[in-house]
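Per-entry structural report
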Amino acid sequence: MRVQIHLRAEKLTNLARGKYLGRRSSPYCTIISKSDNTNSNENAVLGRTEVIHANKDPHFTKSIIIEYDEEVAWTHLKITIRDCRALRSIIGSGKRRKSCRDDGEEEQQRIARKPFFGLGGINNNTDDHNDNSNYCSDSDPIMGEVDVEVGELLKSENGKEQQFELSTGGTLFVFITESIQGTDRGVLDCQIRGLDVKNIESGLLGLGAVDPYFVISKKENDTKKGTTCYYDVYRSEHIHDIINPFWRPFQIDLERLCNNDVHKQLKITLWDQQNRGGDRWLGEKDTTVAEMMRHVAKRGNADRESALRVEARSEKGDKIDLRALLVILKADVISANRKMKMVNEDSVVICSGRFDTVGVMIENDESSR
């Protein structure tokens with residue numbers, strides 16, 4: 001059985017150099033499989049999350065997928081949180097990208113292709129998830145370590161998510177669930193742009209604008225606790241001073257995104273990145289991969305009719321404020337042998353055949369289910 005491990009942490013101890021000047025640690029997690037043989041030093045690295053810059057409460061978007069044998073009596077993992085020093089140094093020496101207020105598509109695409117490592121904006125969910133993992137080192141200071149046993153967490157009466165208090169300060173939350181829950185396999189090839197993002201940051205003389213980015217998270221039900229949680233699976237880059245952003249295209253495999261079920265509940269949350277303090281929540285939209293595929297723009301990149309509505313409800317729930325429109329420029333599920341597209345709400349057409357490297361069909365044989 002394949003299982004998926006989601007990690008997040010709260011109130012980590014700040015180990016950053018210059019912390020008295022307001023700098024914060026940039027945490028990441030490494031998962032190691034510990035050998036049962038006490039005389040063996042063979043510990044295999046199973047995976048590493050992305051680095052989240054300057055954040056003591058990280059929600060890691062990259063889940064770690066491992067093979068779990070239920071017949072094996074003991075599957076022991078060590079999870080280590082480290083502070084990435086190299087990434088901090090690179091960011092600290094770099095120049096901040098200039099703001100741009102040009103809403104033209106060409107200019108925004110140019111900006112979007114340039115990675116910027118900000119509080120909310122690291123594009124870490126490409127196929128290989130290696131956007132910033134090369135900056136990690138075994139010499140990075142340890143922010144905390146825990147030992148877990150996969151079987152114990154899966155069978156725990158306290159629910160699938162367990163929390164571990166770190167001796168160095170802070171809490172690590174570990175959620176383990178079955179990785180494959182559907183039959184829809186492939187990679188989502190997607191691009192999203194924003195329209196009319198509500199400007200809550202007018203700035204000096206009214207010339208400022210928000211620095212928007214979005215997060216896609218998936219819904220997980222913990223039946224033992226009777227609770228529902230959302231786990232982040234993709235975080236876009238943020239773009240400075242813009243209300244009509246073009247975010248970079250991205251690809252993410254369906255297993256990590258929606259456990260191979262295009263109808264699994266997702267949520268897209270829109271944020272305004274802040275250099276100091278926490279990022280500001282703008283609004284959210286509940287959706288699915290299937291809905292995103294149905295709402296691909298048909299009338300160009302400003303197709304408001306097909307766009308998804310990002311909304312915010314009042315505290316009493318009696319008022320709904322439209323915060324932005326999300327135009328789905330593309331949403332294709334592509335695998336080695338097929339490409340899926342939504343025809344209507346009840347059917348999925350599977351185009352079997354061969355595709356070139358960008359997903360253009362060479363041979364076609366359509367069937368529906």
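What counts and what doesn't
Residues numbered from 1 in each chain as written. Predicted model: local features only at pLDDT ≥ 70, side-chain atom pairs only at ≥ 80, totals over all residues. Heavy atoms only, no water. Helix = DSSP H or I, 4+ residues; strand = E, 2+ residues; numbered from the N terminus. Buried < 20%, exposed > 50% of the residue type's maximum accessible area, 1.4 Å probe, protein only. Contact = heavy atoms within 4.5 Å. Areas by Shrake-Rupley, 256 points an atom, 1.4 Å probe, with all protein chains shown as cover. pLDDT = per-residue confidence, 0-100. 1 Å grid on protein atoms, 1.4 Å probe; cavity = no way out; pocket = protein on both sides within 12 Å on 5 of 7 lines; lining within 4 Å. Points joined across faces, edges and corners; volume = space filled by probe spheres on them. Pairing = 2+ DSSP bridges. Axes fitted to C-alpha atoms, helices over the stretch in contact; angles between N-to-C directions. Salt bridge = Lys/Arg side-chain N within 4 Å of Asp/Glu carboxyl O. Phe/Tyr/Trp six-rings, centres within 6.5 Å; stacked < 30°, edge-to-face > 60°. Lys NZ or Arg CZ within 6 Å of the ring centre and 35° of its normal. Polar contact = N/O pair within 3.5 Å; in protein donor to acceptor, adjacent residues only side chain to side chain.

So, about the overall build of the protein chain. For the protein chain, the count of helices and strands is 5 helices and 19 strands. Buried residues in the protein chain amount to 51% of all 369 residues. Contacts in the protein chain between residues at least 24 apart in sequence constitute 67% of all its contacts with a sequence separation of at least 6. Total accessible area computed for the protein chain in this model is approximately 17,900 Å², and 45% of it derives from carbon and sulfur atoms.

Our next topic: the confidence of the model for the protein chain. Keep in mind that low pLDDT regions are not for reading the predicted coordinates in detail. Chain-level pLDDT for the protein chain is 79 on average; 74% of the residues reach the 70-or-more range. Confidence over residues 92–130 falls short of pLDDT 50; this stretch has 105 contacts with residues more than four positions distant or in other chains. Overall, residues 350–369 carries pLDDT values under 50, and its contacts beyond four positions in sequence, including any with other chains, amount to 50 contacts.

A word on empty space enclosed by the protein. Counted according to the given criterion, the structure contains 1 cavity of 30 Å³ or more. In this structure, the largest cavity occupies an estimated 40 Å³ of space. Lining of the largest cavity is provided by His 6, Leu 7, Arg 8, His 59, Phe 60, Tyr 231 and Asp 232. Contributing elements (two or more residues each) for the lining of the largest cavity: β1 (2–10) and β11 (227–235). At 3 residues, the largest contribution of residues to the lining of the largest cavity is made by β1.

Right, let's get into the sheet that holds strand β8 (residues 171–178). Across the sheet, 4 strands lie side by side as β4-β1-β8-β7; this open sheet has antiparallel pairing. Both outer strands of the open sheet, β4 (64–67) and β7 (161–165), are each paired with one neighbouring strand and no more. Going across the sheet, the axis of each strand differs from the next one's by a mean of 25°, ignoring polarity. Here β1 pairs with β4 via 4 bridges, running antiparallel. Across the sheet, Val 3 pairs through a bridge with Ile 66, a residue of β4.

Turning to the layout of surface pockets, a few remarks are in order. Roughly 500 Å³ of volume is contained in the second largest pocket. Residue lining of the second largest pocket: 24 residues in total, with Asn 55, Asp 57, His 59, Tyr 213 and Trp 271 positioned closest to the centre.

On to the pattern of salt bridges, then. Evaluated as defined, the whole model comprises 17 salt bridges. The shortest N-O distance in the salt bridge between Glu 50 and Arg 235 comes to 3.7 Å. One end of the pair, Glu 50, is in the loop between β3 (44–48) and β4; the other, Arg 235, is in strand β11, and 185 residues separate them in sequence. Each member of the salt-bridge network shares a partner with another, and the members are Arg 2, Glu 67 and Glu 255.

Tallied over the full model, the rule gives 5 aromatic pairs. Aromatic side chains Phe 214 and Tyr 234 sit 5.8 Å apart centroid to centroid with 40° between the ring planes, which places their arrangement in the tilted category. Taken together, the residues span a long stretch of sequence, with Phe 214 in strand β10 (residues 212–222) and Tyr 234 in strand β11 at a distance of 20 residues. In this structure, Phe 214 and Tyr 234 share a single accessibility class: buried. Three or more aromatic residues joined by ring pairs form one cluster here, namely Phe 214, Tyr 234, Trp 247 and Phe 250. Positioned above the aromatic ring of Phe 173, the side-chain terminus of Arg 8 is 3.9 Å from the ring centre. The ring centre of Tyr 230 lies 4.0 Å from the NZ or CZ of Lys 267, which sits over that ring.

Once that is clear, we can look at unusual backbone geometry. Residue Lys 11 is not a glycine yet carries a positive backbone phi of 55°. With respect to the helices, strands and loops of the structure, Lys 11 is situated in the loop between β1 and β2 (27–33). Phi angles above zero are rare outside glycine, and Asp 196 is one such case at about 55°. The residue Asp 196 is located in the loop between β9 (187–195) and β10 in this model. Taking the relative accessible area as the measure of exposure, Asp 196 reaches 39% and is therefore partly exposed.

What follows deals with the environment of Glu 149. By secondary structure assignment, the location of Glu 149 is in strand β6 (residues 142–149). The spacing of Glu 149 and Lys 78 is 71 residues in sequence and 8.8 Å in space, taken between C-alpha atoms. There is a polar contact of 2.7 Å between the side chain of Glu 149 and the backbone nitrogen of Glu 152.

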